[in-house]
Amino acid sequence: MSAAAVEARDLFRLYESSVALRGLSLDVAQGELLVVFGPSGSGKTTLLRILAGLDRPSAGTVTVFGRDLRTLRGRALGEYRRRTLGYADQHYDRALAPELSARAFLSLRLGLAGVGRREREAEADRLLERVGLRDRADAPPSELSGGQQQRGALCAALAHRPRLFIADEPTGELDAANASQVYTLIRDLAREAGATTILVSHDARSADVADRVLQIRDGRVSSEVSGGVTQSVVNRGGWLRLPEELLGGAERARIAGGVGEISVSVEPRDDRPEEEPLPPAEPGPVVAEVEGLEMRYRAVEVFDGLGLRLPAGALTVITGPSGTGKSTLLHLLAGLRLPTAGDVRVLGHALERLDATERAAIRRESVGLVAQGAELVPFLTARETVELALALRGVEGDAGAALAEVGLAQLADQRVARLSSGERQRVAVARALAARPKLLLADEPTARLDEANARAVARLLRRLARSSGAAVAVASHDPLVIEQADATVALG
């Protein structure tokens, strides 16, 4: 590692009613793999968007390989993104062309970079082999699981061998084994390409491949881990962020010492309210079930005779490695897809016997769905997003209360475009909860959330099942969700 590839000084990013970055400064050396941690809303994604040229700082400076990103416009900005940058966005599905197979899309990306036909086809197959998708090379995105799409998007971001590779939660929808493999692949592929890498994550396992780890809180770098040594970072003006887990809920700290040596001590609070244990689920009627379920994509068999029952008042978690059909099962239960064979019944209705309009009516009246990478209208506020969903369903509901349930009461009137990805995820959960559906389906609802918010959402889903009598089915590999389950179904 030598000269700095990325230099940021006193970055601020202000929005209409919020501040994402508050004087953030960092240096990233050429060839370094930097992992950035931080809670939802701390400014991680905003930092990556600025480095990608998709956003501009309100104040401060940022350079990449000596180029001032604040001055890039038009063709120069396009050239920077095309040649210098590789960006694996949280919304990985946007990086794939729906009409092209994985191999064809990668070959196209390489062709646009000037690579010859034979070389680009061989390189596309090599990349797909590295991420475990060689046998799915001819499949379009619609026939890939969320995790498989995510790995394909990773290949697309690295195919042209960028000098700077940035990845935002690149393993959000992957199980632990696949996530660890992808982190190793990111390290290996980035080194092969000679890329400087900045990886944003909530997953502690990502630190295993890092040269250095930064923690961002409140829009500033708060601590750094390098060579096994953790140091708190003192920002301009003497601003120092102490890890909350060390404070024990204390609201005041005693500081002693003098110049060059200080000590901090606290008295942990013992009056913090404890979480009330939720009562065990009482057996309720079956809201949804599948019997003899079969599902195939071309020659790929997803299910072969699967059976499942979802009772009212219970949280059922569907687990399994990436590509085993978790998302597909939720889509079948929502009537968005039809099985190759077998029965799918929701509230007594056999979905495979209904037409698209009839299935849509059942979804509108009785089903809530939180999909992976849920798309929200960027210019609406969080409250308007939930109110619109209620209006389209034609049902009564309290948007403010739904947002409060997912910890977003203070951001209810913030536009979606100004929210972090984790906050948007919680808006999507609130949108589904507000109508109090009889069947709630959630696909990796904690994938982009920090531990505290993930735990809160998992408990919320279980509590909702109890209080509303809904059947809640969640596809997840998050242990925080699984520990709240009344029942688990393992696929694969």
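No experiment lies behind these values; they were computed from the predicted model shown.

A. Layout of the overall build of the protein. Helix and strand counts for the protein come out as 13 helices and 22 strands. A compact globule built from 492 residues would reach a C-alpha radius of gyration of about 23 Å, and the protein, at 24 Å, matches this within 12%. Taking the principal axes of its C-alpha atoms as reference, the protein extends roughly 70 × 70 × 40 Å. Looking at the protein as a whole, 52% of its 492 residues are labelled buried. As presented, the protein carries roughly 22,300 Å² of accessible surface, and 49% of it is formed by carbon and sulfur atoms. Here the protein contributes 63 positively and 66 negatively charged side chains, and the mean placements of these two sets differ by 6 Å.

B. Spotlight on the side chain of Glu123. Take Glu123: it is sitting in helix H4 (residues 117-130). Of the residues examined, Glu123 reaches a relative accessible area of 16% and is grouped as buried. Setting aside anything within four residues of it in sequence, one finds Glu123 in contact with Leu110 and Arg161.

C. Structural detail: the pattern of salt bridges. The tally for this structure, following the rule as stated, stands at 32 salt bridges. When the shortest N-O distance is used, the salt bridge between Arg126 and Glu192 registers 3.3 Å. Here the residue Arg126 occupies a position in helix H4, and Glu192 occupies one in helix H6 (residues 176-193), the gap between them amounting to 66 residues. A relative accessible area of 28% means that Arg126 is categorised as partly exposed. Taking relative accessible area as the criterion, Glu192 reaches 38% and is therefore assigned partly exposed. Each of the salt bridges in this network shares a partner with another, and the network as a whole consists of Glu289, Glu291, Arg309, Asp343 and Arg345.

D. Representation of unusual backbone geometry within the structure. Non-glycine residue Leu347 carries a positive phi angle of around 50 degrees. Looking at where Leu347 falls in the secondary structure, it is placed in the loop between strand E17 (341-346) and strand E18 (349-350). For Leu347, a relative accessible area of 33% gives the class partly exposed. Residue Glu444 is not a glycine yet carries a positive backbone phi of 50 degrees. Here Glu444 is to be found in the loop between strand E20 (439-443) and helix H12 (451-468). Among the residues examined, Glu444 registers a relative accessible area of 2% and is labelled buried.

E. Region of interest: the sheet that holds strand E1 (residues 4-14). Spatial ordering of the open sheet is given by E2-E1-E4-E5, a layout of four strands whose pairing is antiparallel. The outermost strands of the open sheet, each flanked by one partner alone, are strand E2 (19-29) and strand E5 (67-68). Pairing between E1 and E2: eight bridges, direction antiparallel. Bridged to Leu14 within E2 is Val19.

F. Expanded view of the packing of aromatic side chains. In this structure the tally under the stated criterion is zero aromatic pairs. Sitting over the face of the ring of Phe65, Arg163 holds its NZ or CZ atom 3.8 Å from the ring centroid. The ring of Trp239 is capped by Arg220, whose NZ or CZ atom sits 4.3 Å from the centre of that ring.

G. Expanded view of the pairing of E20. Among the five residues in E20, five count as buried, and that is most of the element. Residue alternation in E20 divides its side chains into two sets, Leu439, Leu441 and Asp443 and Leu440 and Ala442, and both sets are buried. Relative to E20, strand E19 (residues 367-370) runs parallel, the two being bridged by four bridges. Within E20, the position partnered with Val370 by the bridge is Ala442. Across five bridges, E20 lies against strand E21 (residues 471-475) in parallel orientation. Along E21, the bridge assignment pairs Leu439 with Ala471.

H. Looking closely at the side chain of Arg220. Structurally, Arg220 can be placed in strand E10 (residues 220-226). No salt bridge is formed by the buried Arg220; the nearest opposite charge belongs to Asp218, separated by 5.5 Å. Setting aside residues no more than four positions away along its own chain, Arg220 makes contact with Arg22, Leu24, Gln215, Asn235 and Trp239.

I. Highlighting empty space enclosed by the protein. The tally for this structure, following the rule as stated, stands at four cavities of 30 Å³ or more. In this structure, the largest cavity spans a volume of roughly 80 Å³. Taken together, 14 residues form the lining of the largest cavity, with Leu96, Ser101, Ala102, Phe105 and Gly152 sitting closest to its centre. Listed by contribution, the elements that provide at least two residues to the lining of the largest cavity are helix H3 (102-112) and helix H5 (146-158). Counting residues per element, the lining of the largest cavity draws most heavily on H3, which supplies three residues. For the lining of the largest cavity, the residue count by class is 12 nonpolar, two polar and no charged. Computed from the structure, the second largest cavity encloses a volume of approximately 60 Å³.

J. Seen up close, the packing of H5 against H6. H6 packs onto H5 with a crossing angle of 5 degrees between their chain directions and a minimal axis gap of 12 Å. The angle between H5 and H6 falls in the class roughly parallel. Here Arg151, Leu154 and Leu158 of H5 lie close against H6, whose contacting residues are Asn178, Val182, Ile186 and Leu189. Of the residues belonging to the contact of H5 with H6, the class tally is five nonpolar, one polar and one charged.

Rules used throughout
Per chain, the residues get numbers from 1 upward, laid out in the order the sequence is written. Under the rules for a predicted model, residues below a pLDDT of 70 receive no local features and side-chain atom pairs below 80 are neither given nor counted, while totals for whole chains, interfaces and linings still include all residues. Side-chain measures were taken over the full set of non-hydrogen atoms in the model, leaving aside hydrogen atoms and water. Under the scheme used here, helices are H or I runs from DSSP no shorter than 4 residues and strands are E runs no shorter than 2 residues, and both carry numbers assigned from the N terminus. Atoms counted for the radius of gyration: C-alpha only. Globule rule: 2.2 Å times the number of residues to the power 0.38. Only protein chains enter the accessibility calculation, which uses a 1.4 Å probe. A residue is then buried if its area is under 20% of the maximum for its type, exposed if over 50%, and partly exposed in between. Calculation of accessible area relied on Shrake-Rupley with a 1.4 Å probe; when residues are assessed, cover is drawn exclusively from the protein chains displayed. Positive charges come from Lys and Arg, negative ones from Asp and Glu, while His and the chain ends are left out of the count. Note on charges: their place is set at NZ of Lys, CZ of Arg, CG of Asp or CD of Glu. Contact criterion: two residues are considered in contact whenever any of their non-hydrogen atoms come within 4.5 Å of each other. What counts as a salt bridge is simple: a side-chain nitrogen of Lys or Arg found within 4 Å of a carboxyl oxygen of Asp or Glu. At least two DSSP bridges between two strands are needed for those strands to be called paired. Centres within 6.5 Å make a pair out of two Phe, Tyr or Trp rings, where for Trp the six-membered ring is used; the pair is then stacked when the planes are under 30 degrees apart, edge-to-face when over 60, and tilted otherwise. Geometrically, a charge over a ring is one whose NZ (Lys) or CZ (Arg) sits within 6 Å of the ring centre while staying within 35 degrees of the ring normal. Residues are said to line a cavity or pocket when one of their atoms sits within 4 Å of a point; the points come from a 1 Å grid over protein atoms alone, cavities being sets where a 1.4 Å probe fits but cannot get out and pockets being open sets with protein on both sides within 12 Å along at least five of seven lines. Grid points are joined across faces, edges and corners, and a volume is the space filled by probe spheres set on the points. Classification used: nonpolar for Ala, Val, Leu, Ile, Met, Phe, Trp, Tyr, Cys and Pro, charged for Asp, Glu, Lys and Arg, polar for all others including Gly. Between the N-to-C directions of two axes lies an angle of 0 to 180 degrees, each axis being a line fitted to C-alpha atoms and, for a helix, fitted only over the stretch in contact. Orientation is classified from the angle alone, with under 35 degrees giving roughly parallel, over 145 giving roughly antiparallel, 65 to 115 giving roughly perpendicular, and any other angle giving oblique.

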